[in-house]
Protein chains: 2
Amino acid sequence: MKGRPIVIPTSYQEVFRQLEAAILRGELAIGEPIPTEAALCDMFKVKRSSVREGIRLLEQSGLVTRNAARRLVVTAPDTRRSSENFIRSVTLNQVTLEELWRVEIELETLACRLACQNMSAESLDRLSENIQQTRDNRDDAKAIIRIDMDFHRLITQAAGNKALTIARDPLGILLYASTDFVITRLAQSTERLIAAHQRIFDALAAGDEETAVTWMKKHLNDFKRGCIMAGADFNQPIADFVDHDTLAALIRNPPGQGLQ
Amino acid sequence: MKGRPIVIPTSYQEVFRQLEAAILRGELAIGEPIPTEAALCDMFKVKRSSVREGIRLLEQSGLVTRNAARRLVVTAPDTRRSSENFIRSVTLNQVTLEELWRVEIELETLACRLACQNMSAESLDRLSENIQQTRDNRDDAKAIIRIDMDFHRLITQAAGNKALTIARDPLGILLYASTDFVITRLAQSTERLIAAHQRIFDALAAGDEETAVTWMKKHLNDFKRGCIMAGADFNQPIADFVDHDTLAALIRNPPGQGLQ
DNA sequence: TTTGTCACTTTGTCTGACAATCACACATAC
DNA sequence: GTATGTGTGATTGTCAGACAAAGTGACAAA
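Heads up: these notes are all about the structure in this document. Numbers given for residues are sequential positions, taken from 1 along each chain in its written order. Whichever chain is written first is A, and whichever ligand is written first is 1; the rest continue in order. Per-residue local features are limited, in this predicted model, to residues with pLDDT of at least 70; the limit for side-chain atom pairs, both in listing and counting, is 80 or more; totals at the level of whole chains, interfaces and linings are taken over all residues. Computation of side-chain values: all heavy atoms of the structure, hydrogens and water removed.

**Side note on the nonpolar core**
Here is the rule we go by: Take the buried Ala, Val, Leu, Ile, Met, Phe, Trp, Tyr and Cys residues and link them wherever side-chain atoms come within 4.5 Å; each set so joined is a nonpolar core. Throughout this description, buried means an accessible area under 20% of the type-specific maximum (1.4 Å probe, protein chains only), exposed means over 50%, and partly exposed covers the range between. Should any heavy atoms of two residues lie within 4.5 Å, those residues are counted as being in contact.
Ile155(A), Leu204(A), Ile155(B) and Leu204(B) are the most contacted members of the largest nonpolar core, which has 107 residues in total. In contact with Ile155(A), other than residues within four places in its own chain, are Ala111(A), Cys112(A), Ala115(A), Leu127(A), Ile200(A), Leu204(A) and Met216(A).

**Description of the pattern of salt bridges**
What counts here: Salt bridges, as used here, are contacts in which a Lys or Arg side-chain nitrogen is within 4 Å of a carboxyl oxygen on Asp or Glu. Each helix corresponds to a stretch of at least 4 residues labelled H or I by DSSP, and each strand to a stretch of at least 2 residues labelled E; elements are numbered beginning at the N terminus.
For the structure on display, the rule yields 44 salt bridges over all chains. The residue Glu59(A) makes a salt bridge to Arg66(A) at a minimum N-O spacing of 3.0 Å. You can call Glu59(A) buried: its relative accessible area is 10%. The partly exposed category is assigned to Arg66(A), whose relative accessible area is 32%. The salt bridge involving Glu59(B) is made with Arg56(B); its shortest N-O contact spans 2.7 Å. Of this pair, Glu59(B) and Arg56(B) both sit in helix H3 (residues 48-61), separated by 3 residues, roughly a single helical turn. Accessibility assignment for this pair places Glu59(B) and Arg56(B) in one class, buried. Connected via shared salt-bridge partners are Glu37(A), Arg48(A), Arg52(A), Arg56(A), Glu59(A), Arg66(A) and Glu53(B).

**What to know about the relation of the copies chain A and chain B**
Note the cut-off: The copies were overlaid by least squares, fitting only the C-alpha atoms of residues that reach a pLDDT of 70 or more in each copy.
Expressed as a screw transformation, the operator carrying chain A onto chain B has a rotation angle of 180° and an axial translation of 0.0 Å, and the superposed copies differ by an RMSD of 0.1 Å. Taken together, the turn and the small shift mark the pair as related by a two-fold rotation axis. Counting the interface residues of chain A, we find that 100% of their copies in chain B are interface residues as well, pointing to one common contact surface.

**Topic: the protein's contact with DNA strand D**
The line we're drawing: The near set for a molecule or strand comprises every residue that places at least one heavy atom within 4 Å of it. The definition of a polar contact used here is a pair of N or O atoms within 3.5 Å, where within protein one atom must be able to donate a hydrogen and the other to accept one, and adjacent residues in sequence count solely through side-chain atom pairs. Ten residues, namely Ala, Val, Leu, Ile, Met, Phe, Trp, Tyr, Cys and Pro, are considered nonpolar, four, namely Asp, Glu, Lys and Arg, are considered charged, and the remaining ones, Gly among them, are considered polar.
Inspection of the region around DNA strand D gives 19 residues, with Ser11(A), Lys47(A), Arg70(A), Arg48(B) and Arg66(B) positioned closest. Each atom of DNA strand D within 4 Å of the protein was assigned to sugar, phosphate or base; sugar and phosphate come to 71%. Here a phosphate oxygen of DNA strand D sits 3.0 Å away from a polar atom, N or O, in the side chain of Arg52(B). Contacts to DNA strand D include Arg66(B), whose side-chain N or O atom sits 3.0 Å from a phosphate oxygen. Where the surface near DNA strand D is concerned, the elements lending two or more residues are helix H1 (11-24) and helix H3 (48-61) of chain A together with H3 of chain B. For the surface near DNA strand D, the class distribution of residues is 4 nonpolar, 5 polar and 10 charged.

**Some points on the interface of chain A and chain B**
Quoted interface sizes are often the accessible area lost when the parts come together. The test is simple: Put simply, buried area is the surface a 1.4 Å probe can reach on two separate parts but cannot reach once they are joined, added for both.
At the junction of the two partners, chain A supplies 51 residues and chain B supplies 51 residues. Taken over both partners, the interface formed by chain A and chain B buries close to 4,900 Å², and the fraction arising from carbon and sulfur atoms is 62%. When the buried area of chain A at its contact with chain B is split by residue, Arg88(A), Leu92(A) and His244(A) rank highest and sum to 13% of it. For the interface between chain A and chain B, the tally reads 8 salt bridges. One salt bridge in this structure joins Arg56(B) and Glu53(A), with 2.7 Å as the shortest N-O distance. At the boundary of chain A and chain B, one finds 23 residue pairs in polar contact (both at pLDDT 80 or more). Every element with two or more residues in the side of chain A that touches chain B is listed here: H1, H3, helix H4 (79-92), helix H5 (97-118) and helix H8 (162-177) of chain A. Ranked by residues supplied to the side of chain A that touches chain B, first place goes to H4(A) with 9 residues. Classifying every residue of the side of chain A that touches chain B by side-chain character gives 24 nonpolar, 14 polar and 13 charged.

**Quick notes on the protein's contact with DNA strand C**
In the vicinity of DNA strand C there are 19 residues, among which Glu37(A), Arg48(A), Arg66(A), Ser11(B) and Lys47(B) approach most closely. Across the atoms of DNA strand C situated within 4 Å of the protein, the share located in sugar and phosphate is 73%. The separation between a phosphate oxygen of DNA strand C and a polar side-chain atom of Arg71(A) is 3.3 Å. Here a base nitrogen of DNA strand C sits 3.3 Å away from a polar atom, N or O, in the side chain of Arg48(B). Put simply, the parts of the chain that give the surface near DNA strand C at least two residues each are H3 of chain A together with helix H1 (11-25) and H3 of chain B. Split into classes, the residues belonging to the surface near DNA strand C amount to 4 nonpolar, 5 polar and 10 charged.

**A short note on the packing of aromatic side chains**
Residues and elements named next belong to chain A. Note the cut-off: Ring pairs are drawn from Phe, Tyr and Trp, using the six-membered ring of Trp, whenever the two centres fall within 6.5 Å, and their geometry is named by plane angle: stacked under 30 degrees, edge-to-face over 60, tilted for the rest. Two limits define a charge over a ring: the Lys NZ or Arg CZ must be within 6 Å of the ring centre, and within 35 degrees of the ring normal.
Considering all chains together, one arrives at 2 aromatic pairs over all chains under this definition. Ring plane angle 80° and centroid distance 5.9 Å describe the contact between tryptophan 101 and phenylalanine 234, whose orientation is recorded as edge-to-face. Here the residue tryptophan 101 occupies a position in helix H5, and phenylalanine 234 occupies one in the loop between helix H11 (209-229) and helix H12 (244-252), the gap between them amounting to 133 residues. Assessed through its relative accessible area of 5%, tryptophan 101 is described here as buried. Judged by relative accessible area, which is 4%, phenylalanine 234 ranks as buried. The ring of tryptophan 215 is capped by lysine 218, whose NZ or CZ atom sits 4.3 Å from the centre of that ring.

**Description of the side chain of Asp169(B)**
Residue and element names in this part refer to chain B. Checked against the element boundaries, aspartate 169 lands in helix H8 (residues 162-177). At a separation of 2.6 Å, a polar atom in the side chain of aspartate 169 contacts the side chain of arginine 153. Look past the residues within four positions of aspartate 169 in its chain and what remains in contact with it is Thr79, Ser83 and Arg153.

**Here's the deal with the packing of H4(A) against H1(B)**
Convention followed: Angles run from 0 to 180 degrees between N-to-C directions of axes, and those axes are lines fitted to C-alpha atoms, restricted for helices to the stretch in contact.
With their axes 11 Å apart at the nearest point, H4(A) and H1(B) run at an angle of 30° to one another. Contacts between H4(A) and H1(B) involve Arg88(A), Thr91(A) and Leu92(A) from the former and Phe16(B), Glu20(B), Ile23(B) and Leu24(B) from the latter. For the contact of H4(A) with H1(B), the residue count by class is 4 nonpolar, 1 polar and 2 charged.

The structure is reproduced here in structure tokens:
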């Protein structure tokens, strides 16, 4: 016989499971508050402690967020939430910068292609404004990091593929958080960065896929070369490059807006 | 003036934050149990209810899992955890099958290339065995879905890029969960699937990147064509194709092993 | 129209208790 | 001596009830 392990769920896990299912089925609509704790006690016939523990699971899953009045309202998890998760996985699974970078190239390449096909005037404006910001802040390394992150995110958004946005966002945050290290040591990299961004922008504006992709790849190669010249070992785990507090701050307060 | 929103964290959130930081810093090593609830009460000077709610956040974040004795032990979040999250995002953000499929192509292409470069004898064996399983179960649509999922996951693992594994896994689960729909209506698609898998395998074994990629793309195009012939609208949201319970089952019990 | 006040609701935290389960050690039986 | 009961302590899951803090909404007062 085979015999699978026996798992008996606890009350609070059941509370979570049922609320999650209701949300994913659309019974609890996005934007609406979930029932009060007292009401949930009544619905599930368990005490408030169990309800509260179940709600905490729901809270961490990103399906609900607090409104002003501390009530929990149903929310579509934004990219920020996936990012937290991805970053935890990457950190604890000893993923190297090289591995992350390799995947990022692929996703940014796709983003470029799709953005060329779907570029809107509004997206172009935002990108243009971003490049201007980069020029204006060329001497402020910290600012550059955030603006650069935003540049890549804007391209991804311009691509108009929500799956791509959800998948790439966490990579972007992690990868560009490591840029800190490079930019602060390689002052001239900012000028290369600005030049590349400009080239990519021009190609996107012209709808020239190949040129956009080519320059994006150059740009990402520059990033890698910069890191290595600054003494970084690309085969080291990500965790060695960025400290947890920096990442936490980036996640809580990412550049631009989430997917919402 | 600008005025950022004021957020005062609760006790249980602080409990979570501090435990999370300790884990990511490596103070609480993977595999070790976290302190008992009583000990945490003592450390943080809060009552058990607050500790427990904090622990529930930690639990859902995937940083701890239960051992046999119900103690929570520190764990590196496996791909399963990211998958849950990604799937929730995708479902509630109305991502379409087309969007998901487009990203999947890119990641599978990368997987093929890397797998060609890093293919090990062991990975080849596993792939070979997988194809045999497919042949053996050609008449069992349900089984085919799982085995096919596993085929693609094996290639991703053979690529030897952990970031790729973490990023692609949830896409794979979602995409192939939708296959249910196709396979059950298009019996002959199984034969095409087997043929494609064989071609990809041969190319991977020969280290022939271009052929592997070409056939992988053909294979994924077949998938799309199959869906459309079966009456699926690729521009519909994923949520319309797969029900929540199927996904939940797939996540809880994925084919093969996770990243661990 | 704005501001202060009050009753009401809901959440956050505490207090204290008990049952269920597990690990571990020890005693007993074959 | 290995295997099977049994007891004890530790730990978690759940209950019960209480109160403080912070929000809402209505209404009176300036």
